[in-house]
Amino acid sequence: MGEYSSNRALRFTESVIREMTRVCLKHQGVNLAQGFPDFPAPAEIKEAAMEAIRANLNQYAITWGTPNLRQAIAEKFAWYNGVSIDPETEVTVCCGSTEAMISSLMAIVNPGEEVIVFEPFYENYGPDTVLCDAKPQFITLHEPDWRFDDQELARAFNKKTKAIVLNTPNNPTGKVFSREELQFIADLCLKWGVVAVTDEIYEHILYDGAKHISIASLPGMRDQTITINSISKTYSLTGWRVGWAIASGPLTASIRKVHDFLTVGAPHPLQEAAATALRMDRSYYQTLASEYLERRNFLLQVLEEAGFRVYRPHGAYYIMTDVGHFGFSDDVAFAFHLVEKFGVATVPGSSFYGLSSSGATKIRFCFPKKIETLQRAAEKLENFKAKNS
Ligand SMILES: Cc1ncc(COP(=O)(O)O)c(C=O)c1O
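Residues numbered from 1 in each chain as written. Predicted model: local features only at pLDDT ≥ 70, side-chain atom pairs only at ≥ 80, totals over all residues. Heavy atoms only, no water.

## Considerations on the overall build of the chain
Secondary structure assignment for the chain yields 13 helices and 13 strands. Relative to the compact-globule value of 21 Å for 389 residues, the chain shows a C-alpha radius of gyration of 21 Å, a close match. Once the C-alpha set of the chain is aligned to its principal axes, its extents read approximately 60 × 50 × 50 Å. When the 389 residues of the chain are sorted by exposure, 56% land in the buried category. If you sum the accessible surface of the chain, you get close to 16300 Å²; carbon and sulfur atoms cover 53% of it. Of the charged side chains in the chain, 39 are positive and 45 negative; the average position of the first set lies 2 Å away from that of the second. (Helix = DSSP H or I, 4+ residues; strand = E, 2+ residues; numbered from the N terminus. Rg over C-alpha atoms; globule rule 2.2 N^0.38 Å. Buried < 20%, exposed > 50% of the residue type's maximum accessible area, 1.4 Å probe, protein only. Areas by Shrake-Rupley, 256 points an atom, 1.4 Å probe, with all protein chains shown as cover. Lys, Arg positive; Asp, Glu negative; His and termini not counted. Charge placed at Lys NZ, Arg CZ, Asp CG, Glu CD.)

Here it is as structure tokens:
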């Protein structure tokens, strides 16, 4: 049926991450592929959603978000990210950060314009550039510490560059961009009139003393940044589909139009509950980070003991590994072997690169899971180790 498909739809493939979840179900494995928690979301947020439904907040909300949620987003962005914004004109509530990202890019990018994307990247950013007819310019984050080369990045900026997509803390590498790195990027954005589109959904999941810095808080960047976030990761609510884009008034006006015609709006009662989430006691975020630290340390040790070469993440909830020494033809073959023979689902590294061969020795594990689940994965990886030693 390919003849009915648009050229645009034919230019990207089905999500490998979501495919691995389906393969995992078939083999009744442990899913360390798709990044969603297997533990419950906080009770008070769930209660707030049920209360909103009982209070009959069940019809369309204002397309760009309920006033209560936009106010809560502004309050939190001021205290945590250090930027004060006007909730009336500078926030668009979307169906997850996924929609916030595509609505933002469609709102600012013209066909043929260039968008700089650091790679390895969260797999949606590739199709996102295709969907807005942009030309992606990939800039490598070099292992082991995933630094970019200053000169390479500076050379990528030109008159056709419209935006640079950032993700800090980063999926899949766990890199947390430093103030110096963000300042270097900001200086280039200011020099070339480029918009920084920054996905900060892991902003509270930090290890080893890493600090989250929003590029919007750097001098001159407030009006040249679109900051994207959601409740998915911070509050363990990936299925609710509530996210947002924060940008200057003129940028927001464009984002709101695209958003309105793509989705009309995010679920009304869940927006009300999201406002409750954003106003939770600040100690919640410390507990979240310390629980993730325990999971990270557990899985790091398991993977090292099973013979994987690991890259220690400083943020987010993924561990990137190198598996080149196991002798498989590529990462996809390795990932299928691991799930089909040993029951552990992972994501092949090539899904995070523009050129598949760049990720051919990499495999990503995720750990937003109960310790019992990680323990089950550990047992399965022990079997893998036994067969490979
Ligand atoms: C970097 C990044 N951005 C966005 C998303 C999707 O977020 P949401 O559920 O808010 O659409 C993910 C999910 O894994 C992610 O890792």
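## Comments concerning the packing of helix α11 (residues 283-305) against helix α13 (residues 371-388)
For any two helices packed against each other, the geometry is given by the interaxial angle and the distance between the axes. Contact pair α11 / α13: the axes reach a minimum separation of 9 Å and the direction vectors enclose 5 degrees. The orientation of α11 with respect to α13, classified from their angle, is roughly parallel. Listed contacts from α13 to Glu294, Arg295, Phe298, Val302, Leu303 and Glu305 of α11 are Ile371, Leu374, Gln375, Ala378, Leu381 and Lys385. A class-by-class count of the residues in the contact of α11 with α13 yields seven nonpolar, one polar and four charged. (Axes fitted to C-alpha atoms, helices over the stretch in contact; angles between N-to-C directions. Parallel < 35°, antiparallel > 145°, perpendicular 65-115°, else oblique. Contact = heavy atoms within 4.5 Å. Nonpolar A, V, L, I, M, F, W, Y, C, P; charged D, E, K, R; others polar.)

## Thoughts on the packing of helix α2 (residues 16-26) against helix α12 (residues 331-342)
The interhelical angle for the contact between α2 and α12, taken along N-to-C directions, is 25 degrees, at an axis separation of 9 Å. Taken together, the axes of α2 and α12 are roughly parallel relative to one another. Crossing geometry of α2 relative to α12 is assigned as right-handed. Listed contacts from α12 to Glu19, Met20, Val23 and Cys24 of α2 are Ala335, Phe336 and Val339. (Left-handed = near helix turned anticlockwise from the far one by under 90°.)

## Digging into the site of the ligand
The full set close to the ligand counts 15 residues, and Thr98, Asp199, Tyr202, Ser232 and Arg241 are the nearest of them. Measuring from an oxygen atom of the ligand, one finds a side-chain N or O atom of Tyr202 at 2.6 Å. If the ligand stood free it would expose 400 Å²; the protein chains cover 93% of that surface. Considering every element that reaches the shell around the ligand, the biggest residue donor is helix α5 (residues 96-108), with three residues. A breakdown of the residues in the shell around the ligand according to their chemical character gives five nonpolar, seven polar and three charged. (Near = heavy atom within 4 Å. Polar contact = N/O pair within 3.5 Å; in protein donor to acceptor, adjacent residues only side chain to side chain.)

## Structural notes on the sheet that holds strand β10 (residues 318-322)
Sheets are built from strands paired through backbone hydrogen bonds, the pairs being either parallel or antiparallel. Ordered by their spatial adjacency, four strands build an open sheet running β9-β10-β13-β12, and the pairing between neighbours is antiparallel. One side of each edge strand has no neighbouring strand; the edge strands of this open sheet are β9 (309-311) and β12 (347-348). Bridging between β9 and β10 involves three bridges; their strand directions are antiparallel. Pairing of Tyr311 across the sheet is with Met320, part of β10. Against the sheet, α11 makes contact with β9, β10 and β13 (362-366), and its axis sits at roughly 15 degrees relative to β10, the strand it touches most. (Pairing = 2+ DSSP bridges.)

## Considerations on a negative patch on the surface
Together, Glu304, Glu305, Glu379 and Glu382 line one region of the surface with negative charge. Where the negative patch is concerned, the elements lending two or more residues are α11 and α13. Tracing the chain through its elements places Glu304 in helix α11. (Patch = residues over 30% accessible without salt bridge, like charges linked within 9 Å, V, L, I, M, F, W, Y side chains within 5 Å. Salt bridge = Lys/Arg side-chain N within 4 Å of Asp/Glu carboxyl O.)

## Details of the nonpolar core
Ranked by internal contacts, the top residues of the largest apolar core, which has 101 residues, are Phe118, Leu153, Ile164, Ile185, Tyr235, Phe308 and Phe365. Looking at this core, the element that brings in the most residues is α11, giving eight residues. Those residues within four positions of Ile164 in sequence are excluded, and the remaining contacts are Ile116, Phe118, Leu153, Phe157, Ile185, Cys189, Val194, Val195, Ala196 and Val197. Listed in part, the 25 residues of the second largest apolar core include Ala100, Val117, Ala163 and Ile255. (Core = buried A, V, L, I, M, F, W, Y, C linked by side-chain atoms within 4.5 Å.)

## Notes on α13
Taking 1.5 Å per residue, 18 residues should reach 26 Å; α13 reaches 25 Å between its end C-alpha atoms and fits that length. Of the residues making up α13, those classed as buried are Thr373, Leu374, Ala377, Ala378, Leu381 and Phe384. Taken around the axis of α13, the buried residues stretch over an arc of 140 degrees, which confines them to a single face. Counted as exposed and oriented over 90 degrees from the buried face of α13: Glu372, Glu382 and Ala386. Where the residues of α13 are buried, they touch β1 (30-31), α11, α12, β11 (344-345) and β13. (Expected span 1.5 Å × (residues − 1). Arc of directions from axis to C-beta.)

In short, shape yes, function no, at least from these values alone.
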